[in-house]
Amino acid sequence: MYDFDDIDRALFSLQLEEPPQDLRASILAVTAAAPREAVLARPFTLLDFALAGTVLTVALCLSLAVLSGHGWPSLEATIRMLGSELANPTVLAWLGAGASTAIWLSLATWMPMRAGVRSSRA
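On a predicted model such as this, the values are computed, not experimentally measured, just so you know.

Participant: I'd love a proper account of the confidence of the model for the chain, names of residues and values included.
Facilitator: Chain-level pLDDT for the chain is 78 on average; 80% of the residues reach the 70-or-more range. Looking over the chain, one finds the lowest element-wise mean pLDDT in helix α4 (residues 75-86), namely 78, and the highest in helix α5 (residues 89-107), namely 87.

Printed below as a string of structure tokens:
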């Protein structure tokens, strides 16, 4: 077993400098009491991509119906046209490719992860 009594006595006999009076307050000011930074934006989620894809699909179907000369279609005709387009294997392949790209881009990390460092202002 080691005997640290001599080392402990030597350490406790050292003349230590007194800490500054506002040391505790300055530490708390940059840690616990620091103002929180506002979060301006959140990353896209899969639900956001799904909603955007749904809106774009409906808009595309309505646009194609109007441009193809059928005039403004009824809701039933729009749903039938959307169903027939979604049964097309080419359309399904493109939707799958787009969804896959959206998922991979949402999971990609473009910036290296770094530890958050607060400013040294007290």
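Participant: Please set out the layout of surface pockets residue by residue, giving values where relevant.
Facilitator: In this structure, the largest pocket spans a volume of roughly 540 Å³. Surrounding the largest pocket, 20 residues form its lining, G53, T54, L56, T57 and L95 being those nearest its centre. Taken together, the elements giving at least two residues each to the lining of the largest pocket come down to α3 (46-70), α4 and α5. Ranked by the residues each element gives to the lining of the largest pocket, the list is headed by α3, at eleven residues. Broken down by class, the residue content of the lining of the largest pocket amounts to 15 nonpolar, four polar and one charged.

Participant: Can you break down α5 residue by residue, with the values?
Facilitator: Its 19 residues give α5 an end-to-end C-alpha distance of 27 Å, which sits within 8% of 27 Å, the value for a rise of 1.5 Å per residue. Sitting at the head of α5, N88 places a side-chain oxygen 3.2 Å from the backbone nitrogen of T90.

Participant: Describe in detail the pattern of salt bridges, supporting the description with residues and values.
Facilitator: Considering all chains together, one arrives at one salt bridge under this definition. Ionic pairing is found between R9 and D6, a salt bridge with its closest N-O pair at 2.5 Å. On the criterion of helical spacing, the pair formed by R9 and D6 is a turn pair, its members being three residues apart in helix α1 (residues 5-12). Across the pair, D6 and R9 agree in class, each one exposed.

Participant: Break down a nonpolar patch on the surface for me, with residues and values.
Facilitator: A cluster of nonpolar side chains, F4, I7, L11, L14 and L16, forms an exposed patch at the surface whose accessible area comes to about 550 Å². Take F4: it is sitting in the segment before α1. When its relative accessible area of 47% is taken as the criterion, F4 is described as partly exposed.

Rules used throughout
- Residues numbered from 1 in each chain as written.
- Predicted model: local features only at pLDDT ≥ 70, side-chain atom pairs only at ≥ 80, totals over all residues.
- Heavy atoms only, no water.
- pLDDT = per-residue confidence, 0-100.
- Helix = DSSP H or I, 4+ residues; strand = E, 2+ residues; numbered from the N terminus.
- 1 Å grid on protein atoms, 1.4 Å probe; cavity = no way out; pocket = protein on both sides within 12 Å on 5 of 7 lines; lining within 4 Å.
- Points joined across faces, edges and corners; volume = space filled by probe spheres on them.
- Nonpolar A, V, L, I, M, F, W, Y, C, P; charged D, E, K, R; others polar.
- Expected span 1.5 Å × (residues − 1).
- Polar contact = N/O pair within 3.5 Å; in protein donor to acceptor, adjacent residues only side chain to side chain.
- Salt bridge = Lys/Arg side-chain N within 4 Å of Asp/Glu carboxyl O.
- Buried < 20%, exposed > 50% of the residue type's maximum accessible area, 1.4 Å probe, protein only.
- Patch = residues over 30% accessible without salt bridge, like charges linked within 9 Å, V, L, I, M, F, W, Y side chains within 5 Å.
- Areas by Shrake-Rupley, 256 points an atom, 1.4 Å probe, with all protein chains shown as cover.

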